[in-house]
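Remarks on the overall topology
Spelled out, the chains give:
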Amino acid sequence: YNKITTGIGGTSKVLDVGSSGAYDDLFAWSSAVIYHSGTFYLFYTARKISTNTESIAVATISDGISWTKYGSNPIVTAGGVGWRQRQLCHCDVVWYETNSKWVMLVSGMAGAGDTGIESIGRYYCTEGNFPYTWTEDGANPVIPYNTQAGLDDYHVYHPKIYPSKVNGSWYIHYTAATAYSSGRTIARATTASLYDGAFTKETNNPILFEAVENWDDSEVLTPACKLQVDGRYAVFYAGQPVSGNRL
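Described below are features of the structure shown in this document. (Residues numbered from 1 in each chain as written. Predicted model: local features only at pLDDT ≥ 70, side-chain atom pairs only at ≥ 80, totals over all residues. Heavy atoms only, no water.)

On to the overall build of the chain, then. Looking only at helices and strands, one finds zero helices and 16 strands in the chain. Going through the 247 residues of the chain one by one, you find that 48% of them count as buried. For the chain, contacts bridging at least 24 residues in sequence account for 47% of all contacts bridging at least 6. Surface summary for the chain: the accessible area is close to 11,600 Å², and the carbon and sulfur share equals 50%. (Helix = DSSP H or I, 4+ residues; strand = E, 2+ residues; numbered from the N terminus. Buried < 20%, exposed > 50% of the residue type's maximum accessible area, 1.4 Å probe, protein only. Contact = heavy atoms within 4.5 Å. Areas by Shrake-Rupley, 256 points an atom, 1.4 Å probe, with all protein chains shown as cover.)

Below, the structure written as structure tokens:
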């Protein structure tokens with residue numbers, strides 16, 4: 001069972017899975033945190049045991065101690081046909097001031113089981129409805145899989161958005177994969193407008209890939225890029241050696 005944790009080695013639990021039958025009774029994981037108007041919002045991936053489907057839920061904290069799950073979770077759900085039939089997971093959220101909207105990029109999985117293909121979609125939320133009511137972009141998925149042969153034949157998922165524009169463009173890091181559980185690398189796409197712009201994958205993708213005979217010699221995945229140091233962005237990622245995982 002996955003839980004969101006903090007502390008040395010992730011030993012201190014801050015958000016547990018739900019009770020039996022709840023939308024998050026199997027997993028509560030893969031989070032993104034936003035601070036807005038005195039409150040922290042934690043968006044996380046929730047998985048339900050009985051359906052084995054994933055969705056996006058939110059919890060809030062204002063006292064710095066206890067997270068409270070939103071009573072009407074999940075806020076964005078999988079279903080229907082197409083790119084998000086099976087799962088919605090691994091989201092990132094930013095405020096897009098140009099259009100006065102919150103923008104969410106989120107991974108969607110099509111097909112059966114955990115081995116379906118993944119792409120990235122976009123949702124919007126107005127300030128008055130934040131963070132509970134989201135509208136899907138009719139052009140989804142906005143970053144599809146299988147458009148760069150040998151790189152993203154199977155998965156495009158786990159988007160992370162730079163916190164501000166760089167040289168007139170928004171940059172998004174994501175995990176690209178050629179197979180269900182192997183061949184994962186980190187790639188990048190850009191857009192002029194997070195709200196309604198088309199995304200362009202960089203021609204030199206992947207921008208980060210496995211090293212030879214190193215701690216990340218099997219694959220690299222799940223980037224995060226929220227920290228800016230001396231004018232440059234630091235990218236944190238998970239690396240997988242032949243056995244185990246490391247950050």
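Here the narrative resumes, following the displayed structure.
Core analysis: the largest hydrophobic core is formed by 19 residues, its most contacted members being L105, I143, I161, I172, Y174, L194 and F199. When contributions to this core are tallied by element, the ones reaching two or more residues are β7 (87-96), β8 (101-110), β9 (117-126), β11 (155-161), β12 (170-177) and β13 (185-191). It is β12 that contributes the most residues to this core, four residues altogether. In this view, I161 contacts D92, V94, L105, W170, Y171, I172, L194, C225 and K226; residues no more than four positions away in its chain are not counted. Judged by nonpolar contacts, the second largest core, of 18 residues, contains I56, W83, M104 and V106. (Core = buried A, V, L, I, M, F, W, Y, C linked by side-chain atoms within 4.5 Å.)

Mapped onto the elements of the fold, Y124 is located in strand β9. Its relative accessible area of 12% is what places Y124 among the buried residues. Expressed as a C-alpha distance, the spacing of Y124 and V94, which sit 30 residues apart in the sequence, is 10.0 Å. Beyond its immediate stretch of four places on either side in the chain, Y124 contacts W102, V103, T133, W134, T135, D137, Y195 and D196. At a separation of 2.5 Å, a polar atom in the side chain of Y124 contacts the side chain of D137. (Polar contact = N/O pair within 3.5 Å; in protein donor to acceptor, adjacent residues only side chain to side chain.)

Summarising the element assignment, Y237 is placed in strand β16 (residues 232-240). Considered as a pair, Y237 and T175 are 62 residues apart in the sequence and their alpha carbons are 9.9 Å apart.

Our next topic: the packing of aromatic side chains. Given two aromatic rings, their pairing is described by the distance between the two centres and the angle made by the two planes. Enumeration according to the criterion identifies 13 aromatic pairs in this entry. Centre to centre, the rings of F43 and F130 are 6.1 Å apart; their planes meet at 55°, and the pair counts as tilted. With F43 in strand β4 (residues 39-47) and F130 in the loop between β9 and β10 (135-136), the pair connects residues that are 87 residues apart, well separated along the chain. Each ring, one from Y162 and one from Y233, has its centre 4.8 Å from the other, and the planes form 50°; the classification is tilted. (Phe/Tyr/Trp six-rings, centres within 6.5 Å; stacked < 30°, edge-to-face > 60°.)

It is worth spelling out the pattern of salt bridges at this point. Enumeration over the complete set of coordinates arrives at seven salt bridges. The partner of D24 in a salt bridge is K69, and the shortest N-O contact between them spans 2.7 Å. Of this pair, D24 sits in the loop between β2 (12-15) and β3 (27-36) while K69 sits in strand β6 (residues 68-69); the two residues are 45 residues apart in sequence, bridging distant segments of the chain. Among the residues examined, D24 registers a relative accessible area of 1% and is labelled buried. On the basis of relative accessible area, K69 is assigned to the partly exposed category, the value being 26%. For the salt bridge of E54 with R47, the shortest nitrogen-to-oxygen distance reads 3.1 Å. Comparing E54 with R47 shows no difference in burial state: the two are buried. (Salt bridge = Lys/Arg side-chain N within 4 Å of Asp/Glu carboxyl O.)

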